[in-house]
Amino acid sequence: MIALRYSTFILCLVLVGTYVAQGQAYVKLSGGYGFPLASEHLGTSGRQELTTSLDPELGFEVPRLFTESENVHGSYGSGVLINASFGYMFTDQIGVEGMVSYFIGREYHVQNSGLSKRLDAVLYDSRFTMSMQGKGFFFAPMAKLAANSGKIQPYLMIGPVFGKLYFDRSQRVTTYDVGLTSTQYAAVEYRGGLAKGARGIAGAEITIKSSLHFFAEALITGMNYYPSEAEVTRWEANGSNLLGTLTTRERIVKFVDKVTTDTDLPSESESSPGKQSRFSLPLSSIAANVGLKLNLGN
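Residues numbered from 1 in each chain as written. Predicted model: local features only at pLDDT ≥ 70, side-chain atom pairs only at ≥ 80, totals over all residues. Heavy atoms only, no water.

### Here we look at the overall build of the protein chain
Along its length, the protein chain carries 2 helices and 17 strands. The C-alpha radius of gyration of the protein chain comes to 28 Å, more than 25% above the 19 Å expected for a compact globule of 298 residues. Expressed along its principal axes, the backbone C-alpha trace of the protein chain runs to roughly 100 × 60 × 30 Å. The burial tally for the protein chain puts 33% of its 298 residues in the buried class. As presented, the protein chain carries roughly 17,600 Å² of accessible surface, and 59% of it is formed by carbon and sulfur atoms. A distance of 11 Å separates the average location of the 26 positive side-chain charges in the protein chain from that of its 26 negative side-chain charges. (Helix = DSSP H or I, 4+ residues; strand = E, 2+ residues; numbered from the N terminus. Rg over C-alpha atoms; globule rule 2.2 N^0.38 Å. Buried < 20%, exposed > 50% of the residue type's maximum accessible area, 1.4 Å probe, protein only. Areas by Shrake-Rupley, 256 points an atom, 1.4 Å probe, with all protein chains shown as cover. Lys, Arg positive; Asp, Glu negative; His and termini not counted. Charge placed at Lys NZ, Arg CZ, Asp CG, Glu CD.)

Written out as C-alpha cells, the structure is:
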C-alpha cells in the first residue's frame, strides 16, 4: 500500500512537471501613472483676511472680513509606478504572474493663511503649508486568464497586493507679527507595517514578433495603509536645528489599537516612544500601464 501511494505521488509529480514544461515563462517591464480610484478627504485649505479701508466720503475706516475654505481630496496611491513582472503560462489561456512595483506617490498640499491689515499696514500675516507624499514597493501575485492567442490577446488578472511603504509629511509655518518674522519647519516620517489590499488588471498584448509583445493595462488597486510608527526627522525654528531638544517620547510615536491614560498610574518615561491611536492612509488607485513582454525559452 505504501509503495502504491509512493508510486502514485511520483507519477503525479511527473505529470505536473510535464504539464509545466509545456508552458511558457516570460518577463515584463513597464511604467505607468495612477489616479485616485475613490477620492477621500485629505485636509482643508483655508484663507482668512481682516482688512480695513478708508471710506472716501465719510473718512472713517470700514472693516472687511473675508474667509475661504476648500477641501483637498485624493488618494496617496496616485502617482508614478515602475513595474517588473515574471509570469508563467501553463496553457495559452491560464497562467500566473508576480508583479513588483516601485511607487512614487503624488505630493498633496494643504495650505492655510491668516492676514490682518489696517489700511495699507500689515499687522499680522501667517502662512501654513503641509505636504504629504508616499513611496515604496508593491508586490502582487496574480492569477491570469487570457483569451485565445492571436495578434491581439486580451487578458484579466486578479490577486492580493502587499506594500512596504513610508510617507513623508512636512509642515512649514511663517509668521509676521508686530514687525517680527519667524519660521518653523518640521518633517515626520510614517513607516512600518505591511499594507494589504487587492489588485485587478485588464490588459491586452499586441505581438511584435513571436518572443516580443507590447502590452497596455488598466490596474485597479484597493488598499489602505496603517503605519505602525512615526518619527520627527527634522525640526527647525528660525534656521536653528532643534531636533536634539526633543525627548524620545516627543520624537517617536507608536500607533496602537487602544490608548489608555490613568492619572493614578505613574506617567510614562520620556525615554520611551509615545502612543497614539492608529489610522489609515488611503491608497486606492486606477493606473494606466504600458510596457514590453519578452517570452523566455524561444
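There's plenty left to go through after this.
### As for the nonpolar core
If you look at the biggest cluster of nonpolar residues, it comprises 36 residues, and the most contacted ones within it are Tyr 76, Phe 138, Leu 165, Phe 167, Tyr 190, Tyr 225 and Leu 283. Residues within four places of Tyr 225 in sequence aside, it is in contact with Leu 165, Phe 167, Tyr 190, Arg 191, Gly 192, Gly 193, Ala 195, Phe 279, Ser 280, Leu 281 and Leu 283. (Core = buried A, V, L, I, M, F, W, Y, C linked by side-chain atoms within 4.5 Å. Contact = heavy atoms within 4.5 Å.)

### Topic: the packing of aromatic side chains
In this structure the tally under the stated criterion is 10 aromatic pairs. Seen from their ring centres, Tyr 190 and Phe 279 are 5.8 Å apart, and the 85° between their planes marks the pair as edge-to-face. Linking Tyr 190 in strand E9 (residues 180-191) with Phe 279 in the loop between strand E15 (274-277) and strand E16 (281-282), this pair joins segments that are 89 residues apart in sequence. A relative accessible area of 6% places Tyr 190 in the buried class. Residue Phe 279 is classed as partly exposed on the basis of its relative accessible area, which comes to 29%. One aromatic cluster is present, formed by Tyr 76, Tyr 108, Phe 167 and Tyr 225 through successive ring pairs. (Phe/Tyr/Trp six-rings, centres within 6.5 Å; stacked < 30°, edge-to-face > 60°.)

### So, the side chain of Asn 295
In this structure, Asn 295 sits in strand E17 (residues 285-295). Among the polar contacts made by the side chain of Asn 295, one reaches the side chain of His 213 at a distance of 3.1 Å. (Polar contact = N/O pair within 3.5 Å; in protein donor to acceptor, adjacent residues only side chain to side chain.)

### Brief notes about the environment of Pro 36
Tracing the backbone through its elements, the reader meets Pro 36 in strand E1 (residues 24-36). Overall, the relative accessible area of 28% leaves Pro 36 in the partly exposed class. Counting along the chain gives 247 residues from Pro 36 to Leu 283, while the straight-line C-alpha distance between them is 8.0 Å.

### Observations regarding unusual backbone geometry
Positive phi is not limited to glycine here, since Leu 119 has a value of about 55°. Here Leu 119 shows up in the loop between strand E6 (108-118) and strand E7 (121-146). The class for Leu 119 is partly exposed, based on a relative accessible area of 36%. Located in the positive-phi region is Asn 238, a residue other than glycine, with phi close to 50°. Mapped onto the elements, Asn 238 comes out in the loop between strand E12 (229-237) and strand E13 (240-241). By relative accessible area, which is 52% here, Asn 238 ends up exposed.

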